[in-house]
Amino acid sequence: MTKPILSEDTIMLNAKVNDKESAIQLAGQLLVDNGFVEEAYIEKMLERETVTSTYIGNHVAIPHGTEDAKRVVKASGISIVQIPEGVDFGGNNVAKLVIGIAGKDDEHLQILSKIAIVCSEPENVEKIVNSKTKEELLSFFAEVN
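- An unreviewed UniProt entry lists the protein chain under the name Mannitol-specific phosphotransferase enzyme IIA component, from Polycladomyces zharkentensis.
- Per UniProt, the comment on the protein chain under Function (unreviewed entry) is "The phosphoenolpyruvate-dependent sugar phosphotransferase system (sugar PTS), a major carbohydrate active transport system, catalyzes the phosphorylation of incoming sugar substrates concomitantly with their translocation across the cell membrane. The enzyme II CmtAB PTS system is involved in D-mannitol transport."

**Digging into the sheet that holds strand E4 (residues 77-88)**
Part 1: Taken together, 5 strands build an open sheet; the order of strands is E1-E4-E5-E3-E2 and the sheet is mixed. Two strands bound the open sheet, and with one partner strand each, they are strand E1 (11-12) and strand E2 (55-57).
Part 2: Here E1 pairs with E4 via 2 bridges, running parallel. Within the sheet, the bridge partner assigned to isoleucine 11 lies in E4 and is isoleucine 80.
Part 3: Of the strands in this sheet, strand E3 (60-61), E4 and strand E5 (94-102) are in contact with helix H3 (residues 107-119), which crosses E5 at around 155°.

**Topic: helix H1 (residues 20-33)**
Part 1: The first and last C-alpha atoms of H1 sit 20 Å apart over 14 residues, in line with the 20 Å expected at 1.5 Å per residue.
Part 2: Taken residue by residue, H1 has Lys20, Ala23, Ile24, Ala27, Gly28, Leu30, Leu31 and Val32 as its buried positions.
Part 3: For H1, the elements touching its buried residues are E1, helix H2 (40-51), E4 and E5.
Part 4: Two residues or fewer past H1, glycine 35 is found with a positive phi of approximately 80°.

**A look at unusual backbone geometry**
Part 1: Unusually for a residue other than glycine, asparagine 58 sits at a positive phi of about 60°.
Part 2: By the element assignment, asparagine 58 lies in the loop between E2 and E3.
Part 3: Positive phi values are uncommon outside glycine, yet asparagine 92 reaches one of about 60°.
Part 4: One can find asparagine 92 in the loop between E4 and E5.
Part 5: Residue asparagine 92 is classed as exposed on the basis of its relative accessible area of 77%.

**Digging into the pairing of E5**
Part 1: With 7 of its 9 residues buried, E5 lies for the most part within the structure.
Part 2: Relative to E5, E3 runs parallel, the two sharing 2 bridges. Note on E5: the bridge partner recorded for alanine 61 is valine 98.
Part 3: Bridge count between E4 and E5: 8 bridges; the pairing is antiparallel. Considered in E5, the bridge of serine 79 is made with glycine 100.
Part 4: Between E4 and E5, which pair antiparallel and follow one another directly, the connecting turn spans 5 residues, one of which, glycine 90, has a positive phi of 95°.

Cut-offs applied
- Residues numbered from 1 in each chain as written.
- Predicted model: local features only at pLDDT ≥ 70, side-chain atom pairs only at ≥ 80, totals over all residues.
- Heavy atoms only, no water.
- UniProt positions renumbered as here; feature names shortened; annotations may be inferred.
- Pairing = 2+ DSSP bridges.
- Helix = DSSP H or I, 4+ residues; strand = E, 2+ residues; numbered from the N terminus.
- Contact = heavy atoms within 4.5 Å.
- Axes fitted to C-alpha atoms, helices over the stretch in contact; angles between N-to-C directions.
- Expected span 1.5 Å × (residues − 1).
- Buried < 20%, exposed > 50% of the residue type's maximum accessible area, 1.4 Å probe, protein only.

This is the structure in structure tokens:
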């Protein structure tokens, strides 16, 4: 049986972080812990962030590895770190949802588009940020799996 791309195991509620690097590391560690990527992927996520911000607006950031990180991706997966107090992603951009993505082959583009549809609605993002349970948060991303 193949593992779902997103599950309760890859969601962290009510995280408190001091900076975007810590938020990215949490998102990456969830991907590592659930067997989607090798440990080296986290460094590639942090490297990507130094090249260009992964903040997409609407209090959402979608950190992911650099192009050469694909070799350490074992399977496509998503992690979600909910940060109700928010974390500064630079330029007065505050992320309250940090969605880590690892795509096997070219699957990351499909995954990104599904997430973008959900997160393009400000009221959806607000409900996700205010979700009290992993099940509630997961329900917004049913299309991803």
